[in-house]
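So the chains spell out like this:
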Amino acid sequence: MGPVICRDNISVLISPRNRVLASKSSKKSRHLSCLADCSERMSLVRSFTLQALDLWQGTMKEVGGSFGSSVLSYFLFLKSLLLLNVFSFVINFSFITVPMLAYDHVPHVPPNVTFRGLELLTGAGYFRYTVLYYGAYRADSSTGLVHYNIQLAYFFTIAAYMVLCGAAVLYSMASSFKMNYVLSDPVGGGSWQLLCTWDFSVTNEKAVRQRKNNLRIQLKESMSERSQGTSLTPAEKMRHFGIHLGAWFISTSMAVGCGNAIYYLTTNTEDWSPAREAETLLVPFVVSLINLVVPLFYSLFNKFELYSSQRRQIYALIIRNVILKMSILGILCYFWVNEVAHKFLCWESMVGQALYRLVVFDFFFMMLGSFFGEFLSKVIGTRWIPGLGVPEFDVARNVLDLIYAQTLAWIGIYFSPLLPVLQIFKFLVLFYLKKVSLIQNCQPPRRVGRAAQMKTIFIALLFFPSFVGSLSLVAYTSWSLTPSRFCGPFKGLDSTFSVVVVWMNSLEKVPAAAWAVWVYANVVRSEIFYFLVTIIILFITFVFWQVTQGRKLLILLLRQQIVNVSVCFFFSKRVCGCWYPALSYFCHLNITRFRFQRFLPIYRSSFALLPPSSLGRKRQDLPA
């Protein structure tokens with residue numbers, strides 16, 4: 001017989017191997033745990049770094065937690081415009097100003113011109129001869145062995161910036177429209193307000209109580225609006241229509257009158273001589289005063305205008321303010337391109353100075369608006385007239401002020417490449433000023449609409465008419481107007497775009513650049529190319545529109561199926577006393593194939609014929 005091997009001997013023989021395997025597995029587990037700890041620490045460091053780089057993250061949480069998403073949307077909008085101006089300053093300073101300073105870092109200031117301090121308001125005088133304006137840049141810039149073409153850099157930098165801004169704003173508008181209109185639930189009324197309007201960013205206890213009270217008031221108002229819309233007599237409807245028509249007539253007449261007044265001032269103060277430098281402050285003062293006072297007057301229309309919903313009232317106020325601001329800017333742009341461009345030797349710098357003054361005075365009047373519109377309103381509402389109460393933060397008016405300020409920056413990007421520096425300082429001060437004024441002087445809004453959809457409207461207004469109008473003016477200046485003959489990088493050319501023609505003529509002598517010349521001649525200057533691009537864009541837009549409509553129809557059909565399924569199960573429960581899989585399968589089969597809603601009248605009629613006492617019985621207790 002062979003040797004007998006017991007279980008203890010086997011365990012003794014294989015124990016060294018087990019210890020080796022155990023040590024290897026423990027080392028491997030320690031190595032994996034070390035890697036996991038390192039990766040977790042790296043992720044924490046990365047998240048902390050991103051949070052540190054995220055501008056005003058703590059302030060945003062504080063504002064959102066105390067005042068909700070509608071007020072928070074203003075600060076997020078301000079932050080995005082600030083980052084947009086930072087990007088503008090970086091590319092302009094890097095590709096235009098730095099090469100110019102490397103070539104000629106001393107400004108050519110006449111001996112009789114000194115810095116007096118008034119330039120901080122007028123933008124003229126000493127600033128006129130600095131790189132702040134178009135006229136200080138030269139066409140030739142060669143430093144040693146390096147040749148840098150300022151003309152091409154100036155043109156392509158401005159063009160690239162405008163294209164990138166347009167793409168960013170358009171993409172943001174499309175994304176917001178998709179999330180808030182296409183994919184959002186179109187169901188409104190009391191159910192939407194009850195189930196879907198709670199703002200989960202609110203963390204302050206007082207703000208939570210205020211939000212609950214606001215929701216109760218909104219439900220009452222929505223019910224009263226429905227009853228009012230159905231109970232209005234034809235005479236009352238005609239009276240409301242007459243009031244709306246009169247309000248729109250008055251607001252449009254005021255916008256036209258303000259535009260005429262601005263045109264009269266600009267034509268009578270066109271002598272911008274150094275001796276009358278202080279008089280140039282009259283036009284920006286009047287423009288900023290109109291932008292401050294007239295919107296407050298428009299708000300008085302809400303006292304006697306009766307709209308069926310709060311959203312329509314806000315939209316009417318926004319449209320009136322946009323008409324006012326864009327009509328004033330349209331008058332100023334018309335004056336610049338038709339009067340100033342033909343009467344001054346270095347007219348681009350003169351337009352840049354006018355835009356500088358508009359930006360400065362717009363900043364001052366924004367601060368005055370915070371003082372008079374919020375601080376004094378709180379003092380009056382808490383001490384003198386308690387019935388007024390603490391004011392609310394007017395999101396629509398403040399966002400329109402930001403859109404107007406950004407429109408000035410986009411228009412001035414050609415005439416003053418460093419104007420974004422002033423905008424950055426302006427937005428930084430405005431952010432902290434509005435934050436302090438909001439916390440100290442305002443209360444959470446009593447009426448909370450769909451803040452996300454209002455944000456979409458604001459982005460759409462930023463794109464049109466703000467960006468589209470600014471791009472049109474810059475494009476018209478580059479293609480149609482003759483540059484100044486005695487200043488600027490494009491002096492001696494027929495138009496700003498002529499620099500591209502001169503560049504392509506020089507590339508014809510270079511064999512390696514033959515493809516660029518062909519693209520310019522057959523693509524850039526071809527009307528057929530732009531026609532095809534337009535057709536493709538329209539086709540893609542039509543396809544996406546059809547997809548959107550199909551998704552909306554699908555959502556409606558799915559919602560109707562949910563209703564039908566709920567009715568079917570309710571019927572089976574009330575009639576049969578229990579849930580039968582066969583009946584539920586029959587319901588699903590009819591819903592998906594035979595449109596079960598056709599059978600609902602039969603079910604309802606048979607349900608109504610049953611005696612009330614039999615509805616609560618079981619199946620075996622029902623009468624045959």
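Here the structure is a predicted model, which means the values were calculated and not measured.

Visitor: Before we move on, can you summarise the overall build of the protein chain with the specific residues and values?
Guide: Tallying secondary structure elements over the protein chain gives 19 helices and two strands in all. Within the protein chain, the proportion of its 624 residues that are buried is 39%. Contacts spanning at least 24 positions in sequence make up 77% of the contacts within the protein chain whose residues lie at least 6 apart. With an accessible surface of roughly 35,600 Å², the protein chain has 69% of that area assigned to carbon and sulfur atoms.

Visitor: Let's hear about helix H16 (residues 514-524): which residues, and what values?
Guide: Ala-516, Val-517 and Tyr-520 are the residues of H16 that are buried. Seen end-on, H16 carries its buried residues on one side only, within an arc spanning 105°. Pointing more than 90 degrees away from the buried face of H16 are the exposed residues Trp-515 and Trp-518. Where H16 is buried, its residues meet helix H15 (498-507).

Visitor: Account for the state of the cysteines, naming residues and giving values.
Guide: By the definition in use, this model includes one disulfide. One disulfide bridge connects Cys-346 with Cys-487, the sulfur atoms lying 2.0 Å from each other. An S-S torsion of about 105° defines the bridge between Cys-346 and Cys-487 as right-handed. Note that Cys-346 is positioned in the loop between helix H10 (310-338) and helix H11 (347-384) and Cys-487 in the loop between helix H14 (451-479) and H15, a separation of 141 residues in sequence. Residue class for Cys-487 comes out buried when judged on its relative accessible area of 9%.

Visitor: Describe unusual backbone geometry, listing the residues and the values that go with them.
Guide: When glycine is set aside, most residues are seen to have a negative phi, and most peptide bonds are trans. The step from Phe-464 to Pro-465 runs through a cis peptide bond, and the omega angle for that step is 15°. Its place among the elements puts Pro-465 in helix H14.

Visitor: With reference to specific residues and values, describe the environment of Val-501.
Guide: Within the secondary structure, Val-501 sits in helix H15. Residues Val-501 and Tyr-520, spaced 19 residues apart in sequence, show a C-alpha to C-alpha distance of 9.1 Å.

Visitor: Give a description of the nonpolar core that names residues and reports values.
Guide: One finds Leu-332, Trp-336 and Trp-410 to be the most contacted residues of the largest nonpolar core, which totals 109 residues. It is helix H3 (residues 69-103) that contributes the most residues to this core, twelve residues altogether. Residues contacting Trp-336, with those up to four places away along its chain left out, are Ala-341, Val-351, Ala-354, Leu-355, Leu-358 and Ile-411.

Visitor: Any chance you could break down a nonpolar patch on the surface for me, citing the residues and the numbers?
Guide: A cluster of nonpolar side chains, namely Trp-515, Trp-518, Val-519, Val-524, Phe-529, Tyr-530, Val-533 and Ile-537, defines an oily patch on the protein surface of about 790 Å² accessible area. Looking at the nonpolar patch, the elements with two or more residues in it are H16 and helix H17 (527-576). The topology assignment puts Ile-537 in helix H17.

Visitor: Give me the lowdown on the packing of helix H9 (residues 282-299) against H11, citing residues and values where you can.
Guide: At their nearest, the axes of H9 and H11 sit 9 Å apart, and the two run at 35° to each other. Every pair of crossing elements has a handedness; the one defined by H9 and H11 is right-handed. When H9 is examined against H11, the residues Pro-284, Phe-285, Val-287, Ser-288, Leu-289 and Leu-292 are found in contact with a partner set consisting of Arg-357, Leu-358, Phe-361, Asp-362, Phe-365 and Gly-369. Taken together, the residues that form the contact of H9 with H11 break down as eight nonpolar, two polar and two charged.

Visitor: Explain the packing of helix H8 (residues 234-268) against H9 to me, and be specific about the residues and the numbers.
Guide: The N-to-C vectors of H8 and H9 enclose an angle of 170°; their axes lie 10 Å apart at closest approach. In terms of orientation, H8 lies roughly antiparallel with respect to H9. Only Leu-282, Val-283, Val-286, Val-287, Ile-290, Val-294, Phe-297 and Tyr-298 of H9 make contact with H8, whose side of the interface consists of Ser-251, Met-254, Ala-255, Cys-258, Ile-262, Leu-265 and Thr-266. A per-class count over the contact of H8 with H9 returns 13 nonpolar, two polar and no charged.

Visitor: Now, about the pattern of salt bridges: what can you tell me, with residues and values included?
Guide: All told, the structure shown has seven salt bridges when counted by the stated rule. The closest approach of N and O atoms between Glu-339 and Lys-343, which form a salt bridge, is 3.3 Å. Residue classification places Lys-343 among the partly exposed positions, given a relative accessible area of 47%. Across the pair Arg-397 and Asp-394 runs a salt bridge whose closest N-O atoms are separated by 3.6 Å. You can call Asp-394 partly exposed: its relative accessible area is 25%.

Visitor: Before we move on, could you go through the side chain of Lys-434 and cite the residues and values that matter?
Guide: The topology assignment puts Lys-434 in helix H13 (residues 419-441). Looking at Lys-434, the relative accessible area reads 3%, which means it is buried. In this structure Lys-434 touches Tyr-74, Phe-75, Met-366, Ser-370, Glu-374, Phe-393 and Asn-398, once residues within four positions along its chain are discounted.

Visitor: Describe the confidence of the model for the protein chain, and please don't skip the residues or the numbers.
Guide: Averaged over all residues, the pLDDT of the protein chain equals 78, while 71% of them reach at least 70. Across residues 1-14, confidence stays below pLDDT 50; counting only partners more than four residues off in sequence or on other chains, it has two contacts. Counted against residues more than four places away or in other chains, residues 579-624, with its pLDDT under 50, gives 44 contacts.

Visitor: Lay out the packing of aromatic side chains with the relevant residues and their values.
Guide: This structure, assessed with the given rule, holds 33 aromatic pairs. Between Phe-431 and Tyr-432, the aromatic rings sit 5.5 Å apart at their centres with planes inclined by 85°, giving edge-to-face as the arrangement. For Phe-431, a relative accessible area of 0% puts it in the buried group. In this structure an aromatic cluster arises from ring pairing among Tyr-134, Tyr-137, Tyr-154, Trp-347, Tyr-414, Phe-415 and Phe-490. Lying across the ring of Trp-248, Arg-320 places its NZ or CZ 4.4 Å from the centre. For Lys-325, the ring lying beneath its charged end belongs to Tyr-404, and the centroid distance is 5.3 Å.

Conventions adopted
Residues numbered from 1 in each chain as written. Predicted model: local features only at pLDDT ≥ 70, side-chain atom pairs only at ≥ 80, totals over all residues. Heavy atoms only, no water. Helix = DSSP H or I, 4+ residues; strand = E, 2+ residues; numbered from the N terminus. Buried < 20%, exposed > 50% of the residue type's maximum accessible area, 1.4 Å probe, protein only. Contact = heavy atoms within 4.5 Å. Areas by Shrake-Rupley, 256 points an atom, 1.4 Å probe, with all protein chains shown as cover. Arc of directions from axis to C-beta. Disulfide = S-S within 2.5 Å. Core = buried A, V, L, I, M, F, W, Y, C linked by side-chain atoms within 4.5 Å. Patch = residues over 30% accessible without salt bridge, like charges linked within 9 Å, V, L, I, M, F, W, Y side chains within 5 Å. Salt bridge = Lys/Arg side-chain N within 4 Å of Asp/Glu carboxyl O. Axes fitted to C-alpha atoms, helices over the stretch in contact; angles between N-to-C directions. Left-handed = near helix turned anticlockwise from the far one by under 90°. Nonpolar A, V, L, I, M, F, W, Y, C, P; charged D, E, K, R; others polar. Parallel < 35°, antiparallel > 145°, perpendicular 65-115°, else oblique. pLDDT = per-residue confidence, 0-100. Phe/Tyr/Trp six-rings, centres within 6.5 Å; stacked < 30°, edge-to-face > 60°. Lys NZ or Arg CZ within 6 Å of the ring centre and 35° of its normal.

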